[in-house]
Amino acid sequence: MDRRPFIGVSTYQVDASWSDWRARPVALVPERYTAYVRDSGGIAVLLPPDAPERAPEVLARLDALVIAGGPDIDPAYYGQPPHPLTEASCPERDHWESALIRAALAAGIPLLGICRGMQVLNVVCGGTLIQHLPDVVDPDMHAGTPGTYGRHLVRPVPGTLLGGLLPESELTVPTFHHQAVDRLGAGLRVSAHAPDGTVEAVEGPGFTLGVQWHPEQGDDLRVMQALVRAATAARTVPLEAVESALG
């Protein structure tokens, strides 16, 4: 029987407290991400921030990549000053995830960006972000109360990768974000919208997909199951192929 594919999942880098320890630096990811991978047939491998030049070597040992949600990417990456409510708190994570995405795109490794992960994908491809969504749309639609996910409708675009995975005309998804895609990155296309027009999914060549919502917080496994299928079909890309693709 074929082994289950190894799915790399990027992590937060924050201070946390547990047992007798207080405010210690840790690399972590909410358990729902690892359960989402496991329940969809993959094995989650956590990827804490590392030296960006090591991204090709890391990806050569994996079958697919997930860029998880989290705080805002530094708007300097897309040439803008920070909005007063932008919370760009981890440059190490910005550098690392950007390098992982570049390496995955160059080598054709299956990639899923979730919330922040979709935004970083768009920025890596040369796009920009709306830094505070409540400035331009209904402030109550896209985020719940602190510590609680909201829910709203999204409408997949027929004829896209996402539209094939989620063929219904609209569905309700768990959501928590205050930023969104503004100018679309090169090589990407929009594959879902919210009712207010906010971009809710983007995709690129092969299996390159970003969703603005948090599928790991719900019961719908279809997006992750599709990533696992793509990872199983692609299997591990040799390190030499990754480095060659990056030039």
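Notes on the structure in this doc start here. Since the structure is predicted, the reported quantities are computational estimates derived from the model, not experimental observations.

Cut-offs and rules
- Residues numbered from 1 in each chain as written.
- Predicted model: local features only at pLDDT ≥ 70, side-chain atom pairs only at ≥ 80, totals over all residues.
- Heavy atoms only, no water.
- Helix = DSSP H or I, 4+ residues; strand = E, 2+ residues; numbered from the N terminus.
- Rg over C-alpha atoms; globule rule 2.2 N^0.38 Å.
- Contact = heavy atoms within 4.5 Å.
- Areas by Shrake-Rupley, 256 points an atom, 1.4 Å probe, with all protein chains shown as cover.
- Buried < 20%, exposed > 50% of the residue type's maximum accessible area, 1.4 Å probe, protein only.
- Pairing = 2+ DSSP bridges.
- 1 Å grid on protein atoms, 1.4 Å probe; cavity = no way out; pocket = protein on both sides within 12 Å on 5 of 7 lines; lining within 4 Å.
- Points joined across faces, edges and corners; volume = space filled by probe spheres on them.
- Nonpolar A, V, L, I, M, F, W, Y, C, P; charged D, E, K, R; others polar.
- Core = buried A, V, L, I, M, F, W, Y, C linked by side-chain atoms within 4.5 Å.
- Axes fitted to C-alpha atoms, helices over the stretch in contact; angles between N-to-C directions.
- Parallel < 35°, antiparallel > 145°, perpendicular 65-115°, else oblique.
- Left-handed = near helix turned anticlockwise from the far one by under 90°.

**Details of the overall build of the chain**
Counting its regular elements, the chain contains seven helices and 13 strands. A compact globule built from 247 residues should have a C-alpha radius of gyration of about 18 Å, and the chain, at 17 Å, falls within 12% of that. Sequence-distant contacts in the chain: of pairs separated by 6 or more residues, those separated by 24 or more amount to 70%. Of the accessible surface of the chain, which amounts to about 11000 Å², a share of 54% is contributed by carbon and sulfur atoms.

**Notes on the pairing of strand β5 (residues 64-67)**
Burial of β5 is two-sided: the residues Ala-64 and Val-66 facing one way and the residues Leu-65 and Ile-67 facing the other way are all buried. For strand β1 (residues 6-10) and β5, the ladder comprises three bridges, and the chain directions are parallel. Each residue of the ladder has a partner; that of Val-9, found in β5, is Val-66. Inspection of the sheet shows β5 paired to strand β6 (residues 111-114) by three bridges, in the parallel sense. Note that in β6 the partner of Val-66 across the bridge is Leu-112.

**Concerning the layout of surface pockets**
Considered as a void within the structure, the largest pocket measures approximately 520 Å³ in volume. Lining the largest pocket are 23 residues, with Gly-70, Asp-72, Phe-176, His-177 and His-178 positioned closest to its centre. Grouping the amino acids of the lining of the largest pocket by side-chain chemistry returns ten nonpolar, nine polar and four charged.

**Side note on the nonpolar core**
Ranked by size, the top nonpolar core spans 31 residues in total, and within it Leu-112, Leu-162 and Trp-213 carry the most contacts. Within the residue set of this core, elements represented by two or more residues are β1, α1 (31-39), β5, β6, α5 (161-165), β9 (171-175), β13 (208-211) and α6 (222-234). The greatest single-element share of this core, amounting to seven residues, is contributed by α6. Among the nonpolar cores identified, the runner-up in size contains 26 residues, and Tyr-78, Ile-109, Val-123 and Cys-125 belong to it.

**Side note on the packing of helix α3 (residues 91-107) against helix α4 (residues 116-124)**
Where α3 meets α4, the closest approach of the two axes is 10 Å, and the angle between their N-to-C directions is 70°. In terms of their interaxial angle, α3 and α4 are classed as roughly perpendicular. The interaxial crossing formed by α3 with α4 has right-handed handedness. Together, Arg-93, Asp-94, Glu-97, Ser-98, Ile-101, Arg-102 and Leu-105 of α3 and Arg-116, Gly-117, Val-120, Leu-121 and Val-124 of α4 make up the contact between the two elements. Split by residue class, the contact of α3 with α4 holds five nonpolar, two polar and five charged.

**So, unusual backbone geometry**
Residues other than glycine seldom take positive phi values, yet Ala-23 does so here, at roughly 50°. Counting through the fold element by element, Ala-23 comes out in strand β3 (residues 21-28). Positive phi values are uncommon outside glycine, yet Cys-115 reaches one of about 55°. With respect to the helices and strands, Cys-115 occurs in the loop between β6 and α4. For Cys-115, a relative accessible area of 6% puts it in the buried group.

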